[in-house]
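Structural overview
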Amino acid sequence: MKNKRIFALNLLLAVLVQASMIWYLDCGGLWRKGLTSFGFVLLGVLNLAYLIAVRRKPFRFPGILVIGLVFAMLGDIVLNVNFIGGALLFAVGHIFYAISYAQLQRIGKLDLLLSGVIFAAAALFLLLAPIFDFGDPVMKGICIGYALIISCMVGKAFGNAVREHTVTNLLLAAGSFLFFFSDLMLVLYVFADAPHIIDTLCVVTYYPAQCILAHSMFWYKGKSPAGK
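Every value quoted in this text rests on a predicted model; they were computed, and no experiment measured them.

This paragraph deals with the overall build of the protein chain. A tally of helices and strands in the protein chain yields eight helices and zero strands. Sequence-ordered secondary structure for the protein chain, helices as α and strands as β, is α-α-α-α-α-α-α-α. For a compact globule of 228 residues, the expected C-alpha radius of gyration is about 17 Å, and the protein chain comes in at 18 Å, within 12% of that figure. Dimensions of the protein chain, computed from the C-alpha atoms along their principal axes, are close to 60 × 45 × 25 Å. Residues classed as buried in the protein chain amount to 47% of the 228 residues present. Put simply, of all contacts in the protein chain between residues at least 6 apart along the chain, 77% involve residues at least 24 apart. On the protein chain, roughly 11,000 Å² of surface is accessible, and the fraction owed to carbon and sulfur atoms is 74%. One way to put it: in the protein chain the 17 positive side-chain charges average out to a point 25 Å from where the 9 negative ones average out.

This is the structure:
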């Protein structure tokens with residue numbers, strides 16, 4: 001019964017985040033964006049508290065993932081004020097996400113291979129596509145570095161899902177992919193003069209991605225002492 005109540009709260013919070021996202025898209029405002037982002041952090045905290053309550057140990061995976069959610073929320077807010085500052089916060093968040101995934105399975109050759117392939121494709125696109133105008137080499141370098149970090153996150157998520165088809169791993173892979181797609185849309189909008197619909201695609205894939213990552217903790221099995 002407790003599981004059903006927590007699951008229902010997960011769905012409610014996820015729906016509220018998407019509703020707040022639509023509100024933000026319609027009305028704008030940095031405070032609305034921050035409020036929407038706080039929603040997925042709250043979803044992560046809810047699931048972390050649930051796992052602690054049922055002693056679903058070890059807590060390293062959910063605890064580190066929540067830290068990643070917090071940095072993502074901070075990145076959301078700062079990005080509207082300073083692009084580089086926001087990107088750096090997001091990059092730190094991605095690092096925490098990748099570290100949290102590594103708590104589920106150790107980093108292996110498959111993870112490195114997938115990360116390398118994804119990064120190679122992303123870097124070649126950023127470097128060779130004639131549509132981009134980064135303004136200066138520093139900004140281009142930041143984007144390449146960011147691509148490396150998020151590629152490692154996505155590669156690790158995919159590697160985990162390939163090796164072990166748990167609900168948590170599959171959700172992490174789906175959320176990480178949506179996050180990658182959202183960031184791709186952001187780069188196209190900011191540096192390739194893409195139409196406004198691309199910015200909308202960035203937002204409408206980003207918030208579901210974060211909610212999926214936060215919700216994945218609900219399905220985390222860990223090592224439950226009482227079979228809960």
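Right, let's get into the pattern of salt bridges. Under the definition given, this model contains two salt bridges. For K156, the salt bridge goes to D111, with nearest N and O atoms at 2.9 Å. Highlighted residues: K156 in helix α6 (residues 137-163) and D111 in helix α5 (residues 109-128), separated in sequence by 45 residues. Here K156 falls in the buried class, since its relative accessible area comes to 4%. A salt bridge links R163 to D111; the nearest nitrogen and oxygen atoms lie 3.1 Å apart.

Before going further, it helps to spend a moment on the nonpolar core. Counting 61 residues, the largest nonpolar core has F40, Y97, Y101, L126, F132, M153 and F179 as its most contacted members. Sorting the residues of this core by element identifies α1 (2-27), α2 (30-53), α3 (60-79), α4 (83-104), α5, α6, α7 (167-191) and α8 (196-216) as the ones contributing at least two each. Excluding its chain neighbours within four sequence positions, the residues that come into contact with L126 are F132, F134, C143, I144, A147 and V187.

Okay, α2 next. Its 24 residues place the ends of α2 34 Å apart at the C-alpha level, agreeing with the 34 Å of an ideal helix rising 1.5 Å per residue. Positive backbone phi, at 55°, marks R55, one or two positions downstream of α2.

Here we come to the environment of I198. Secondary-structure assignment places I198 in helix α8. Note: C-alpha distance between I198 and A91 (107 residues apart in sequence) is 21 Å. Look past the residues within four positions of I198 in its chain and what remains in contact with it is M185, L188 and Y189.

Let us look at the confidence of the model for the protein chain. In this model, the protein chain carries a mean pLDDT of 94, and residues with pLDDT of at least 70 account for 96%. The low-confidence segment residues 224-228 (pLDDT under 50) makes eight contacts with residues lying over four places distant or belonging to another chain.

Attention now moves to the packing of α3 against α4. Two elements in contact, α3 and α4, have axes separated by 8 Å at closest approach and are oriented at 165°. When the axis of α3 is compared with that of α4, the two are roughly antiparallel. The chirality of how α3 crosses α4 is left-handed. Taken together, the residues that form the contact of α3 with α4 break down as 20 nonpolar, seven polar and two charged.

The rules behind each value
Residues numbered from 1 in each chain as written. Predicted model: local features only at pLDDT ≥ 70, side-chain atom pairs only at ≥ 80, totals over all residues. Heavy atoms only, no water. Helix = DSSP H or I, 4+ residues; strand = E, 2+ residues; numbered from the N terminus. Rg over C-alpha atoms; globule rule 2.2 N^0.38 Å. Buried < 20%, exposed > 50% of the residue type's maximum accessible area, 1.4 Å probe, protein only. Contact = heavy atoms within 4.5 Å. Areas by Shrake-Rupley, 256 points an atom, 1.4 Å probe, with all protein chains shown as cover. Lys, Arg positive; Asp, Glu negative; His and termini not counted. Charge placed at Lys NZ, Arg CZ, Asp CG, Glu CD. Salt bridge = Lys/Arg side-chain N within 4 Å of Asp/Glu carboxyl O. Core = buried A, V, L, I, M, F, W, Y, C linked by side-chain atoms within 4.5 Å. Expected span 1.5 Å × (residues − 1). pLDDT = per-residue confidence, 0-100. Axes fitted to C-alpha atoms, helices over the stretch in contact; angles between N-to-C directions. Parallel < 35°, antiparallel > 145°, perpendicular 65-115°, else oblique. Left-handed = near helix turned anticlockwise from the far one by under 90°. Nonpolar A, V, L, I, M, F, W, Y, C, P; charged D, E, K, R; others polar.

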